[in-house]
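# Coordinate inspection notes
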Amino acid sequence: MRKIHILFCLSFFLIFGCLEDEGNYDYDDIKEPKWHTDQPISVYATEHNVMKLRGHDAFRWDTDSVSREREVRYEWKLNDVVIATEADIDIPVDSVIKWTKMEELCATDKWVRGSFTVIDKEFETHFMKVVSFFITPYRSNGDWFVLTEKEGEGECYFVKRTYNREESKDEFELQDSFSEINALSISGKPVFLGYTRTAKNVGPMGSITIMTDEVAYEVDAATFELHSELKDLFGGGVPSGFSPVARVDAWEADRGTGLCTFLANKDGKLYRRQLSKNNLGGMFINTPYELDEKGYKITEFGTRLYGFTSIPCWDEKNNRVIMIAFASKQAGSGWGDPSYLATSLIPLKNDGSLTNCPPVWGFESGTKVLNMGYMKSAMLNFMTSLNVYSVIYNDASGKTWCGEFIMNPSDGSIKQSVAPMPPFYPEGADSRVIECPVRISDDALILVTCSSSNAKAKNQVVYTDGNHVNYLLVASKYASKPMITDFPEKVTYIGYGTSDVGAIGKYDLLVVGGENGTLKFYDISDRDRPKCVETMTFDGKITMAKEMATGVTGVDEY
């Protein structure tokens, strides 16, 4: 007990002594930088270009900035390597890649962690800010590939899209071609060009698929180099009569299933490949899908939302729409066993109760389907999710019809309507079919969108008529309005830009190509007054074009 009293007394005298201490100390203001935000600094750079580091844009000094600048130094670090010692500097991206020994560049939605540090020279005090470096391949989000045809032969070109920050505008520049990069021509008449952003088994930016009536190439989108021929990707050997004319893919993160790819052959047969979860392995099955006693002939796919939404297919043999559907299955019987998505080919069904619906289960002979596309989701109840699709077609008499139908992806049944389910689905949905106020020709090109990223685009159907581009207003019973009336030749391609990388936003960029090689990029943010922002001329007919829309969710997979 005596020891406790002694310790208490000593503590008391120590505290009292501190209060009495009037020692002579020097205090220095550390003059720290005042960061504008607590968020990391974002640095965007592209291979072969210049990386612009702007440290001064991230902070300010509360003291004399001129004198303070003489008292500090700077460091930019990436992968623990100092890449710059000035606050504001431009350095070649290729040098940064070399210095930091980057083994793989970033996909659009990925970044590398680094730092920007202000260092006081006298005291060596470090004031660090985290930096997110987005260093992407030269061919990246928002760029375009263009497929042309001349005298029965194909060529594919790369068009670079860049955002001019000083002038706040988008710029498009023709860079190179497939034949230049690969020293190889594309033999045969072009029939298809596709972009698969999720084909990371080919490259970090996915793959480009080029099909002609003679060859089918899969190309690394990041390098534009030929990766493989599709005929060499079949287990058990290439199927007899293999001549693909279209490709469609499905994939979504965290679904326990790798990239699922479908190829439509010239004879209408459908082939499938399922990659492993990490897209590391898998071959096409050389036996085509089988459906029912009617058989099928599928040579084209409709549009769909990114992920595993059901994919509409036109069965021209039986004049019906067929769906590629995905259903979640359990890999085992035990609780916690991993799940995967099983694939099936299902015809659509009429239960006899439909009163106003396009006859997608079986159109009359002579019907020409012009376009099919996913529109939105709906719910029958809390356990059953449904999908709403659009279909635009010409009947045997030549009349154009615009239809919408609600489908249950588990069995292909069609519903006439579903009631609203606030707050998840406050609007509900109805199947319906409306005669179009104008006739759309059988060879017209049509664009629809299911994305909610652009309200104008979601309410319109863009279509071609010779050298004109028009649009239908869905909410106004598909009333038709002109959009582009001065294109110099017959339009052979139209496509939306769905990337948000510059001045022109998602679905406000419309790309139009013609039979004589003209390609125009339009800003259609004002649908009634489209503005041409770039014109290019190619040697041959514009067959197709595809945008590298990488890392973007909630958009159409065209």
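Described below are features of the structure shown in this document. The numbers attached to residues start from 1 for each chain and follow its sequence in the written order. Residues qualify for local features only when their pLDDT is at least 70, as the model is predicted, and side-chain atom pairs are given and counted only at 80 or more; totals for whole chains, interfaces and linings, by contrast, use all residues. Values shown for side chains rest on all heavy atoms present in the structure; no hydrogens or waters enter the calculation.

We call a residue buried when its accessible area falls under 20% of the maximum for its residue type, exposed when it is over 50%, and partly exposed in between, using a 1.4 Å probe and counting protein chains only. Helix and strand assignments follow DSSP, with helices taken as H or I runs no shorter than four residues and strands as E runs no shorter than two, numbered in order from the N terminus. Burial analysis of strand S29 (residues 400-407) places seven of its eight residues in the buried class, which makes it a mostly covered element. Note: two strands are recorded as paired if DSSP finds a minimum of 2 bridges between them. In terms of strand pairing, strand S28 (residues 384-394) meets S29 through eight bridges, oriented antiparallel. In the strand pairing of S29, Val-391 is matched with Gly-403. If you look at the hairpin formed by S28 and S29, you'll find five residues sitting between the two strands, and Gly-398 has a positive phi there, around 100°. Examined bridge by bridge, S29 and strand S33 (residues 432-435) share four bridges and lie antiparallel to one another. Pairing of Trp-401 across the sheet is with Glu-435, part of S33. By the bridge criterion, two bridges tie S29 to strand S30 (residues 414-415) in an arrangement that is antiparallel. The residue of S30 that forms the bridge with Met-407 is Ile-414. Between S29 and S30, which follow one another and run antiparallel, lie six residues, and Gly-412 among them has a positive phi close to 80°.

This part covers the sheet that holds strand S39 (residues 509-514). The strand order across the open sheet built from four strands is S38-S39-S40-S41, with neighbouring strands paired in antiparallel fashion. Two strands in the sheet have a free side with no partner beyond their single neighbour: strand S38 (491-497) and strand S41 (531-537). Within this sheet the neighbouring strands show an average axis-to-axis angle of 20°, counted without direction. Orientation is described by lines fitted to C-alpha atoms, with helices fitted over the stretch in contact, and by angles between N-to-C directions that extend from 0 to 180 degrees.

A word on the sheet that holds strand S34 (residues 446-447). Taken together, the four strands give an open sheet; going across it, the order is S34-S35-S36-S37, and neighbouring strands pair in antiparallel fashion. Two strands close off the open sheet at either side, each with one partner strand: S34 and strand S37 (479-484). The pairing of strand S35 (residues 460-465) with strand S36 (residues 468-473) spans six bridges and is classified as antiparallel. Bridge assignment links Gln-460 to a residue of S36, and that residue is Leu-473.

Once that is clear, we can look at the packing of aromatic side chains. We call Phe, Tyr and Trp rings a pair once their centres come within 6.5 Å, taking the six-membered ring for Trp, and we label the pair stacked below 30 degrees between planes, edge-to-face above 60, and tilted otherwise. Applying the stated criterion across every chain yields a total of 28 aromatic pairs. When the ring of Phe-178 is compared with that of Tyr-217, the centres are 5.7 Å apart and the planes differ by 15°; the resulting orientation is stacked. Of the two residues, Phe-178 is situated in helix H4 (residues 178-182) and Tyr-217 in strand S15 (residues 216-220); the sequence distance between them amounts to 39 residues. Exposure class is identical for Phe-178 and Tyr-217. Each is buried. Joined through ring pairs, the aromatic side chains of Trp-35, Phe-59, Trp-61, Tyr-74, Trp-76 and Phe-116 make up one cluster. Only Lys NZ and Arg CZ are tested; either one counts as a charge over a ring when it is within 6 Å of the ring centre and within 35 degrees of the ring normal. Here the basic side chain of Arg-139 rests over the ring of Phe-158, its NZ or CZ set 4.6 Å away from the ring centre. Taking the ring centre of Tyr-138 as reference, the NZ or CZ of Lys-160 above it sits at 4.8 Å.

This next bit is on the pattern of salt bridges. Should the charged atoms of two oppositely charged side chains come close, the side chains can pair. In what follows, salt bridge is the name for a side-chain nitrogen of Lys or Arg lying within 4 Å of a carboxyl oxygen of Asp or Glu. Tallied over the full model, the rule gives 26 salt bridges. Across the pair Lys-376 and Glu-427 runs a salt bridge whose closest N-O atoms are separated by 3.9 Å. Taken together, the residues span a long stretch of sequence, with Lys-376 in strand S27 (residues 368-381) and Glu-427 in the loop between strand S31 (417-418) and strand S32 (429-430) at a distance of 51 residues. The class of Glu-427 is exposed, set by a relative accessible area of 67%. Salt bridges sharing common partners tie together Lys-31, Arg-68, Glu-71 and Asp-120.

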